[in-house]
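Coordinate analysis (summary)
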Amino acid sequence: MLHILYFVHDLADPAIRRRVLMLQAGGAKVTLAGFRRDDNALAAIHGVEPIELGRTRDAHFAQRIAAVAKSALQLRGLLRSVEKPDVIIGRNLEMLAVANRAKSLFGGNMPVIYECLDIHRLLLRKDVFGGALRGVERHFGTDAALLLTSSPAFVEHYFRPRSGLDLPIVLLENKVLAIEDLGAEIARAPRSPADGEPWKIGWFGALRCRKSLELLAEFSRHMEGRFEIILRGRPAYSEFSDFDGFVRDAPFMRFGGPYKNPEDLSAIYGEVQFSWAIDFFEEGLNSSWLLPNRLYEGGLHGAVPIAVDGTETARFLAKRKIGLALEKPDAAHLVALLGDMNRERYLAAFNELAAQDRRQWMTDRAECRGLVQRLASLTRAEQTAELKASPQLHRNRGGLQ
């Protein structure tokens, strides 16, 4: 069984749980280690007790770097009981640095994988600081065996032209993990509101975009109750002056709290007609390039996605002739897009979405096995190269050297 040591930036992130479950479904043993930004029982993984490297704070870059440096000094002791892994994955740049440190402690003869699902705005700066940070990424990433990323636009706009990394790439889209016949159980039925009830837009997942929050609140006020905004997930409180107060004071908006992914997806998406697949968090940069979780979740569960023109999400939808595209990111254009919504128009959009092959929204067990087999092939390549370089090499498989 392939043993993967997985270093992550936030043990409370539900997306981490999904990746670990994916690797396990593919047949791998996963040792999870990382930092924690807050507590989230819904991100716990049955049978996996993570190794906590420390606490970090969202949007505090300097504090995160200091925490990473401290963990690097303590890593030998923290990993003392961990069996030598076959593969190490570092999720995000700071965890790639930790993964490289772990590789040296274990003897330096296993592949390191760089998993990068967001391009941080600091990496895109055109000044000396941005150049220095990209240099750090090249330093830790040059010898990586593989790059895992989630959108072709990340490759097109950053990794190929700007990062300086020349790595094999595997595209892992943010699809819904469907390893328990989830897709077969989903009945995607249209759900027009009853007479007098509002249309509902769901904004689910990582809630970090202040512009989206303000835009949706303004739009719903303008529509005077014809539309209701439903929020679910984990708010990034560092990005809002008062998220809870803002939502409380918005008359046609409500926050339903966190949810378990993928177990609760059918229930929460079944409550709405439309899915807000827009993110202005790093507008024109990462937010324009990503393909968000909610795109796949809403697509699978029959919630018509709303994107904004000029983004990778909008191109994804246009290629398939589904969803709704917002011409400009303001309330007036959202009113123009949705203000005349009626049953006939909604059903046309829903039927176009429902006609799609649902497999494009899901990661099944076969894909999980394919990923683990791809990672396992890297260990064989590493072993072959090492034997050619040093035929008499004796490996220590027991743990730290």
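A brief structural summary. As the structure is a prediction and not an experimental result, all values here were calculated from the model. (Residues numbered from 1 in each chain as written. Predicted model: local features only at pLDDT ≥ 70, side-chain atom pairs only at ≥ 80, totals over all residues. Heavy atoms only, no water.)

Strand order in the open sheet made by the seven strands is β3-β2-β1-β4-β5-β6-β7, with parallel pairing throughout. A strand with exactly one partner marks an edge of an open sheet, and here the two such strands are β3 (51–55) and β7 (169–171). Neighbour-to-neighbour, the strand axes of this sheet turn through a mean angle of 20°, independent of strand direction. The sheet strands contacting helix α5 (residues 152–163) are β5 (112–115), β6 (146–149) and β7, and the helix crosses β6 at an angle near 130°. (Pairing = 2+ DSSP bridges. Helix = DSSP H or I, 4+ residues; strand = E, 2+ residues; numbered from the N terminus. Axes fitted to C-alpha atoms, helices over the stretch in contact; angles between N-to-C directions. Contact = heavy atoms within 4.5 Å.)

Before going further, it helps to examine helix α13 (residues 331–338). Taken together, the buried positions of α13 are occupied by A331, L334, V335, L337 and L338. Down the axis of α13, the smallest arc covering the buried residues is 165°, so these residues share one side. Across α13 from its buried face, at more than 90 degrees, point the exposed residues A332 and A336. A distance of 3.3 Å separates the backbone nitrogen of A332 from a side-chain oxygen at the start of α13, and that oxygen is part of D330. (Buried < 20%, exposed > 50% of the residue type's maximum accessible area, 1.4 Å probe, protein only. Arc of directions from axis to C-beta. Polar contact = N/O pair within 3.5 Å; in protein donor to acceptor, adjacent residues only side chain to side chain.)

In this structure the tally under the stated criterion is four cavities of 30 Å³ or more. A volume near 70 Å³ is recorded for the largest cavity. In this structure, the largest cavity is lined by R18, R19, M22, L172, E173, N174, K175, L177 and T363. With three residues, helix α1 (residues 14–25) is the single largest residue contributor to the lining of the largest cavity. Classifying every residue of the lining of the largest cavity by side-chain character gives three nonpolar, two polar and four charged. (1 Å grid on protein atoms, 1.4 Å probe; cavity = no way out; pocket = protein on both sides within 12 Å on 5 of 7 lines; lining within 4 Å. Points joined across faces, edges and corners; volume = space filled by probe spheres on them. Nonpolar A, V, L, I, M, F, W, Y, C, P; charged D, E, K, R; others polar.)

Before going further, it helps to examine the sheet that holds strand β13 (residues 304–308). On the basis of which strands lie adjacent, the open sheet formed by six strands has the order β11-β10-β9-β12-β13-β14 and parallel pairing. Each edge of the open sheet is held by one strand with a lone partner, namely β11 (253–255) and β14 (324–326). Going from strand to strand, the sheet's axes swing by 25° on average, the running direction of each strand aside. As judged from the three bridges shared by strand β10 (residues 227–235) and β11, these two strands associate in the parallel manner. Residue L231 lies in a different strand from β11, and its bridge partner there is F255. Its contacts with the sheet place α13 against β9 (199–207), β10, β12 (274–276), β13 and β14, and it is angled at close to 155° to β14.

The peptide bond linking N261 to P262 adopts the cis configuration, its omega dihedral lying at 15°. Positionally, P262 belongs in the loop between β11 and α9 (265–269). One non-glycine residue, N92, lies in the positive phi region at around 85°. When its relative accessible area of 18% is taken as the criterion, N92 is described as buried. You will see that E224, though not glycine, has its phi angle at about 55°, which is positive. Tracing the chain through its elements places E224 in the loop between α7 (210–222) and β10. On the basis of relative accessible area, E224 is assigned to the exposed category, the value being 68%.

With that out of the way, let us pick up the side chain of S71. One can find S71 in helix α2 (residues 61–78). With sequence-adjacent residues up to four places away left out, S71 is seen in contact with F35, L53, L78 and V98.

Now for the packing of α7 against α13. At a closest axis distance of 9 Å, the pairing of α7 and α13 adopts a crossing angle of 55°. Between α7 and α13, the crossing angle belongs to the class labelled oblique. The crossing of α7 and α13 is right-handed. Residues L215, L216, E218, F219 and H222 of α7 pack against A331, L334, V335 and L338 of α13. When the residues that make up the contact of α7 with α13 are grouped by side-chain class, the tally is seven nonpolar, one polar and one charged. (Parallel < 35°, antiparallel > 145°, perpendicular 65-115°, else oblique. Left-handed = near helix turned anticlockwise from the far one by under 90°.)

The subject of this paragraph is the packing of aromatic side chains. Applying the stated criterion across every chain, the model contains 16 aromatic pairs. With a centroid separation of 6.4 Å and an interplanar angle of 70°, the aromatic rings of F204 and Y259 are classed as edge-to-face. With a gap of 55 residues between them, F204 in strand β9 and Y259 in the loop between β11 and α9 connect regions that are remote in the sequence. Using a relative accessible area of 2% as the deciding quantity, one classes F204 as buried. Seen in terms of ring centroids, Y296 and W361 are 6.3 Å apart; in terms of plane orientation they differ by 70°. Their pairing is edge-to-face. Residue Y296 is located in helix α11 (residues 293–300), and its partner W361 is located in the loop between α14 (343–354) and β15 (362–363); the two are separated by 65 residues in the primary sequence. Judged by relative accessible area, Y296 falls into the buried class, the value being 0%. Taken together, the ring pairs connect W199, F219, F227, F274, Y346 and F350 into an aromatic cluster. Its end group placed over the ring of F280, K211 keeps NZ or CZ at 4.7 Å from the ring centre. Across the ring face of F316, the terminal group of R320 is positioned such that the distance to the ring centre comes to 3.6 Å. (Phe/Tyr/Trp six-rings, centres within 6.5 Å; stacked < 30°, edge-to-face > 60°. Lys NZ or Arg CZ within 6 Å of the ring centre and 35° of its normal.)

With respect to burial, β13 is a largely interior element, five of its five residues being buried. Residue alternation in β13 divides its side chains into two sets, V304, I306 and V308 and P305 and A307, and both sets are buried. Both β12 and β13 contribute to a ladder of three bridges, which runs parallel. Of the residues in β13, the one forming a bridge with S275 is P305. Relative to β14, β13 is paired through three bridges, and the arrangement is parallel. Within the sheet, the bridge partner assigned to V308 lies in β14 and is L326. Between the parallel elements β13 and β14, the chain passes through helix α12 (residues 312–320) in a crossover that is right-handed. (Right-handed = clockwise from strand over helix to strand, strands pointing away.)

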